[in-house]
Structure formats: structure tokens, C-alpha cells
Amino acid sequence: ALVGSVSDRRTGNFTTVARAGHPATPYTLAATDAPADVSFYLAAANLSFSGGDLSTAVNALQQALAADPKSSQAHMALGNLHLARKDLKQAGEEFKKAVDLAPVRSIERLKYAEFEWGVGDAGEVRRIATDMTKSAPDYLPGWFWLAELAYKDKKYDEALSLLENVFGRDDEYLDGRR
């Protein structure tokens, strides 16, 4: 009953993570096994992080980035790990890298905006939201962020107008259909 595996690619040693009640067993990666892809390392990092082993999680994320330096998911995961360690500067840098690599309509952009909102950088949130709405005007989360910023700045009419724009285009909001 395997849950996942954690690997050290330098030595080829794996540790199998088993369900509760079943022991973990190490084994060696055969030379004929294909190199692991980013999703493998992300899963290994997630398992390690869930088990409280942050150093192994960092190692797995570094391996993910070595396998694909342009993985927005790996940068986002590394940012989350830095955030868990309360290293806001490193977290922000990794989140920014993830955003630069991610498509406009991505969870990475939304999470980065949320992070910047949390650390109080409304200017960066505005930049992210404006970029989203310019690049993909039909992508509603960017408009929500702009409405939130307008409300924060006590520009209530602008906030209401932005929200009416969102609700008017949201198929799930029945009262907003025109």
C-alpha cells in the first residue's frame, strides 16, 4: 500500500513512504530507471513537507528545479516552503519567479497577489491585477483584485462599478445576466 517515494538522485537511494502501520523500506534506483520528472519531485516534496521534514522537501524542490528550471509549480512550492519558514523575502522572490513563468490565467498569479496583499504591498497587487485584466479581460479574478484595491482606497463607486462588471459577466451569478 504505497503512498509515495522520496529519492536522493545523487545516490539513487529511495525511501518508500508507506501507509500507517506499514514500515518504510529503502531500495536503490536501477541504472535503467528513467530520470524522475518535476511532478515526481513535487510529490516527494509534498510528502516530506507533510511529514515535517523541511530539509528533504527543500532538496526535492531543488531537484525539481534542476529537472526543469522553468517550472512555475516548483517555484511556487519553494515559495510556500519559505513562507512556512517565515522567510517572507525568499518566499516573495520564489512567488515572483513562479508568476513570471506562469500563464496569465494561473493560480500562481492569484497566490502571488494574495501574498503581496498579506505583506501590505498594494502597489504590487495593483500591478498584478492590471496585468491580468489587460492580458485577459475576461479573466474575472483580476477585476476582483482591482475592486478590492478600490474599496481599500475608499473609492467605493469605483469598487462597486468593478464588481458590477464582474457580476455582469459571471455566468454563475444569475442576477448579473443582462
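The model shown is predicted, which means the values in this text are computed figures rather than measured ones.

Undergrad: Honestly, the packing of aromatic side chains in this entry has me stumped. Any pointers?
TA: Two aromatic rings are characterised by how far apart their centres lie and by the angle between their planes. Tallied over the full model, the rule gives five aromatic pairs. Note on Phe40 and Tyr41: the rings are 5.5 Å apart at their centroids and 75 degrees apart in plane angle, and the pair reads as edge-to-face. Looking at Tyr41, the relative accessible area reads 5%, which means it is buried. Relative to Phe167, the ring of Phe144 has its centre 6.2 Å away and its plane inclined at 75 degrees; by these criteria the two rings are edge-to-face. A residue pair is termed long-range when its members are at least 10 positions apart, and Phe144 in helix 7 (residues 140-152) and Phe167 in helix 8 (residues 156-169) qualify at 23 residues. Residue Phe144 is classed as partly exposed on the basis of its relative accessible area of 36%.

Undergrad: Honestly, the environment of Glu114 in this entry has me stumped. Any pointers?
TA: Of note, Glu114 is situated in helix 5 (residues 107-118). Separated by eleven residues in sequence, Glu114 and Val125 have C-alpha atoms that sit 7.8 Å apart.

Undergrad: Looking at this structure, how should I read unusual backbone geometry?
TA: One non-glycine residue with positive phi stands out, namely Lys86, at about 65 degrees. Relative to the helices and strands, Lys86 is located in the loop between helix 3 (72-84) and helix 4 (88-101). Given the relative accessible area of 70%, Lys86 is considered exposed.

Undergrad: I tried to follow the confidence of the model for the protein on my own but got confused; where do I start?
TA: Segments scoring low in pLDDT should not have their predicted coordinates read at a detailed level. Confidence in the prediction of the protein, expressed as mean pLDDT, is 81, and 76% of residues score 70 or more. When pLDDT is averaged over each element of the protein, helix 4 comes out on top at 96 and strand 3 (residues 26-28) at the bottom at 33.

Undergrad: Teacher, can you tell me more about the packing of helix 3 against helix 4 here?
TA: To describe two helices that pack against each other, one gives the angle between their axes and the distance between the axes. Contact geometry for helix 3 and helix 4: axes closest at 8 Å, N-to-C directions at 165 degrees. What the angle tells us is that helix 3 and helix 4 run roughly antiparallel. The hand of the helix 3/helix 4 crossing is left-handed. Within the contact between the two elements, helix 3 uses Ser72, His75, Met76, Leu78, Gly79, Asn80, His82 and Leu83 and helix 4 uses Leu88, Gln90, Ala91, Glu94, Phe95, Lys97, Ala98 and Leu101. For the contact of helix 3 with helix 4, the class distribution of residues is eight nonpolar, six polar and two charged.

Cut-offs and rules
Residues numbered from 1 in each chain as written. Predicted model: local features only at pLDDT ≥ 70, side-chain atom pairs only at ≥ 80, totals over all residues. Heavy atoms only, no water. Phe/Tyr/Trp six-rings, centres within 6.5 Å; stacked < 30°, edge-to-face > 60°. Buried < 20%, exposed > 50% of the residue type's maximum accessible area, 1.4 Å probe, protein only. Helix = DSSP H or I, 4+ residues; strand = E, 2+ residues; numbered from the N terminus. pLDDT = per-residue confidence, 0-100. Axes fitted to C-alpha atoms, helices over the stretch in contact; angles between N-to-C directions. Parallel < 35°, antiparallel > 145°, perpendicular 65-115°, else oblique. Left-handed = near helix turned anticlockwise from the far one by under 90°. Contact = heavy atoms within 4.5 Å. Nonpolar A, V, L, I, M, F, W, Y, C, P; charged D, E, K, R; others polar.

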